Amino acid sequence: HIIPTDNNLNVLKVAFYGTKSYDKIFFEELAKDKGEGAYNCDITYFDSRLTAETVHLCRGFDAVCMFVNDEAPRPVVEQMKKNGIRLILLRCAGFNNVDLDAAKECGITVLRVPAYSPYAVAEHAMAILQAANRRIAKAYNKVKDNNFALNGLLGTAIPALGLLLPIGISFYTFQTMSYTIDVYRQDAPAQRSIVSFGAYVTMFPQLVAGPIVRYKDVAAELIHRTNTASAFAAGARRFTVGLAKKVLLANSIGALWDAELAAQSAGTLTAVGGWLGIAAFGFQIYFDFSGYSDMAIGLGHFFGFHFLENFNYPYESRSVTEFWRRWHISLSTWFREYVYIPLGGNRKGKGRQLLNIAIVWLLTGLWHGANWNFVLWGVYYAILLLLEKTFLLKWLDKAPRFVGHVYTCFCFVMGWVLFAITDLGALGAYVSHMFSGTFADSTTAYLLRCGWLLLVLGIIGCTSLPKRLWEKREQSLSPALSDGLRTVWVVVVLLVSMAFLVGDSYNPFLYFRF
């Protein structure tokens, strides 16, 4: 095991490197709550950077906390192993100054510590340490993880085969099914070229994160496409928007969600922190997934393909029904076209329509993973949609607009709780903290002070307001000036996004598990 499983390990010994004055302030904040019942961490501060000359100072410790400007090349990492280090914690930035290959060979886990809270290392390091094995196992053995989850779901004892499945399998499985069904229905001609069929199934722009492309939507373009400079330019702009969503917004806001998850693991989650964390997750998954979709659509333009839109500002919705017409449109369309309508849709009476909706949403939940939380998530949305179909939607149409917005926001926020936390015990505890317990504490206040600007940017960025303002501004400009500003904007945003990628390796791929 990379991470020790000794149940008697009650204290994590952390060697904390830092030289600047704000590092000392950070350390002093950590040291305030030391004592019985504190954070299960014994932190020793070293007034120096981590280098080959100072690595000997961490001998006898369990973990090292270092900064992005510290250096941990192979010789330093190997010396850490000899010193007994099992965990490297990076505060504020990424992994670029750590030799990750050497760390992997030495059995040392390298993890990023959220920079929001001054208590982050002491409060969360033990929780991170205990969770690391599980996270690594899920990343490297998805099949085994899902097999165990399926056993738990069905009460079976199917042995794990130990096979590795290609990333993106759930997406291109749906696409190959789409080909078979579309050809069977004669919605598109059969593809005679194995190369063109292979291009459809393994089309790299949207292979691992969608949108799910129906065969009939691209059948003609597989045979003949038109590539133009204007289409390439439009694709570059769209790709840059998606990259910025992912790198500048999703990753930054995601660190706030990680901080609140760690707070729950440490038993210090507050009610305000619970709502703050799940709101951050909602923004993270939107900017992450819609960003990937934008990049895929932009890359498609590079090669003459026109993929359908996958998101249409879902957080502006006034009902759950409208939300699912705007969120992950390609998945909703797939289930409507290939499951809901073949089951009878709304053509066989109200009762059958409600049953069909329930079946579709149970399958939608299971598509995301063989875990009980995804089943609950599917059932949750099935119930909401059934209520709206029967009476609630009519009432919402008559109510003031803000009522529908508030109702929908509450519904999808609670839905994200079910979606984000796979362990049912942890899920129940998180929901309990959201509605009871300590209202807030100093750490929550600190998170709000540090994260309020990101949240404001998230709120603005998930609406159509920026697009409308940009289009209104363009109307008052000449075509040449408008094109020039677009070019400058693309270059600047692309360079900033690349700088963030280089400087920060915290780059989670949320849809890896789906």
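Residues numbered from 1 in each chain as written. Predicted model: local features only at pLDDT ≥ 70, side-chain atom pairs only at ≥ 80, totals over all residues. Heavy atoms only, no water.

## Some words on the pattern of salt bridges
- With the rule as written, the count across this model stands at 15 salt bridges.
- In this structure, Lys216 and Asp187 form a salt bridge, with 4.0 Å as the shortest nitrogen-oxygen distance. Residue Lys216 is located in helix α8 (residues 215-223), and its partner Asp187 is located in the loop between α6 (169-184) and α7 (194-201); the two are separated by 29 residues in the primary sequence.
- Assessed through its relative accessible area of 39%, Asp187 is described here as partly exposed.
- Lys216 is the partner of Glu337 in a salt bridge, and the nearest nitrogen-oxygen pair spans 3.6 Å. Taken as a pair, Glu337 in helix α12 (residues 329-340) and Lys216 in helix α8 lie far apart in primary sequence, 121 residues in all. (Salt bridge = Lys/Arg side-chain N within 4 Å of Asp/Glu carboxyl O. Helix = DSSP H or I, 4+ residues; strand = E, 2+ residues; numbered from the N terminus. Buried < 20%, exposed > 50% of the residue type's maximum accessible area, 1.4 Å probe, protein only.)

## Here we look at the pairing of strand β3 (residues 63-67)
- Summarising burial for β3: five of the five residues are buried, a large majority.
- Where strand β1 (residues 12-17) lies against β3, three bridges are found, and the strand directions are parallel. Looking at the pairing, Val14 lines up with Ala63 of β3. (Pairing = 2+ DSSP bridges.)

## Quick notes on the confidence of the model for the protein chain
- Considering every residue of the protein chain, the mean pLDDT works out to 80; 78% of them sit at 70 or more.
- By mean pLDDT, the top-scoring element of the protein chain is helix α11 (residues 320-326) (95), and the lowest-scoring one is helix α4 (residues 120-140) (42).
- Segment residues 1-9 is flagged for pLDDT under 50; beyond a separation of four residues in sequence, or across chains, it makes 18 contacts in the model.
- pLDDT under 50 marks residues 115-148. Its contacts with residues more than four places away, or in other chains, come to 97 contacts. (pLDDT = per-residue confidence, 0-100. Contact = heavy atoms within 4.5 Å.)

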